[in-house]
Amino acid sequence: MPGPEGPWEEVQERFERTGRAVVHATWGQWLTPALLDPALRTLLGRDWPRFRRHPAPAGRLVLAVSRILLKHTAAAVLQVPAGRLDLAALPGGRPVLRGLGADLQVSLAHTDELIVVGVSRAGVVGVDAEPTARRISFDALREHVCTAAEARRLAALPEAERTQAFLRLWTLKEAYAKALGHGMRRRFPAIGFEWDEAITARLTGDTAREWVFATHLVDERYLVSQAYHSGQAHPRQAAPPQPDGPPQPDGPSRPDRSPQPEGSSRPEVPCPPPVGGVPTGPSLVQPYGGRVLGFPGQGGPGPR
């Protein structure tokens, strides 16, 4: 989304058809119009004092732009002025709207220049993003992110494929934790993922298929993962995967980049065939116009 003026029509149309939408932008695109907006203090609302006190100039700007992108996205689907929305955060850091629009579920993520906002009226939503070029140590992080089964499957992949598959898995777990409002408190080895024949991510233990997940490639350099629950504002957690190896030690998740206190799309292109049950690359989709990511399906959740 290039700026506060939109165009928002596709976001609104997608939301009307499916009850959910995901929007992304770079903070540079929104920086000038956001800071020059005479209503900046009103738009930031309860975040205004934090914006003024933030010690890092770059962090202050990202905080402002991320909040304004979220409010404008919510305002577009609710069809109300952005300045009328009151954005707050739950104790776990998940952003929420108070008063007007309180039934709308929202999620926020940012990494490098990218800011991602998810909105849903059909159940909780979580979004997360990572640069595809991020350098990671699988050996150092596997015990803090993967179940024993996931770690074995990833270890069987060539290094380049392993990195992309690991980033996809990590962002999926972050998105799920954000949807639940757990943030960094969630032990990721207690969350297991499997992939079906179409290389669609599925939560281990989610026998009713209440959760839907997707990962998209944005601007050719970011992985954006989405998690949403079909129909409950406060869903049950899926049963944890059964241990099939030594107990996994506790460890911190990747720092949550969602600022604290915290459209139409083409179908997903399947990944290459999985090796040992793990996709060898992200599930890719090119957002319409490079702006809007829609969840799978035409009239609601895609096939599960």
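Quick summary incoming for the structure in this document. The shown structure was predicted, so the numbers you read here are calculated from the model rather than taken from an experiment.

**Topic: the packing of helix α6 (residues 138-145) against helix α8 (residues 159-180)**
Phase 1: At a minimum axis distance of 12 Å, the contact between α6 and α8 shows a crossing angle of 30°. Taken together, α6 and α8 sit at an angle that is classed as roughly parallel. Crossing of α6 over α8 shows left-handed handedness. On the side of α6, the interface is formed by F138, L141 and V145, while α8 contributes R162, F166, W170 and K173.

**Overview of the environment of A175**
Phase 1: Structurally, the position occupied by A175 is in helix α8.
Phase 2: Here A175 falls in the buried class, since its relative accessible area comes to 0%.
Phase 3: Taking the C-alpha atoms as reference points, A175 and Q226, 51 residues apart in sequence, are found 5.8 Å from one another.
Phase 4: Other than its neighbours up to four places away in sequence, A175 contacts G126, V127, D128, S225, Q226 and A227.

**Description of the nonpolar core**
Phase 1: W8, W30, L69, L104 and V119 are the most contacted members of the largest nonpolar core, which totals 36 residues.
Phase 2: Examining the composition of this core, we find that ten residues originate from one element, helix α5 (residues 57-78), more than from any other.
Phase 3: For L104, the contacting residues outside a window of four places in its chain are F15, A74, V77, L78, L97, V119, S120 and R121.
Phase 4: Listed in part, the 30 residues of the second largest apolar core include V145, L157, L169 and L203.

**Some points on the environment of L63**
Phase 1: Here L63 is to be found in helix α5.
Phase 2: The spacing of L63 and L44 is 19 residues in sequence and 9.2 Å in space, taken between C-alpha atoms.
Phase 3: Among residues more than four places away in sequence, those in contact with L63 are D47, R50, F51 and H54.

Rules used in this analysis
- Residues numbered from 1 in each chain as written.
- Predicted model: local features only at pLDDT ≥ 70, side-chain atom pairs only at ≥ 80, totals over all residues.
- Heavy atoms only, no water.
- Axes fitted to C-alpha atoms, helices over the stretch in contact; angles between N-to-C directions.
- Helix = DSSP H or I, 4+ residues; strand = E, 2+ residues; numbered from the N terminus.
- Parallel < 35°, antiparallel > 145°, perpendicular 65-115°, else oblique.
- Left-handed = near helix turned anticlockwise from the far one by under 90°.
- Contact = heavy atoms within 4.5 Å.
- Buried < 20%, exposed > 50% of the residue type's maximum accessible area, 1.4 Å probe, protein only.
- Core = buried A, V, L, I, M, F, W, Y, C linked by side-chain atoms within 4.5 Å.

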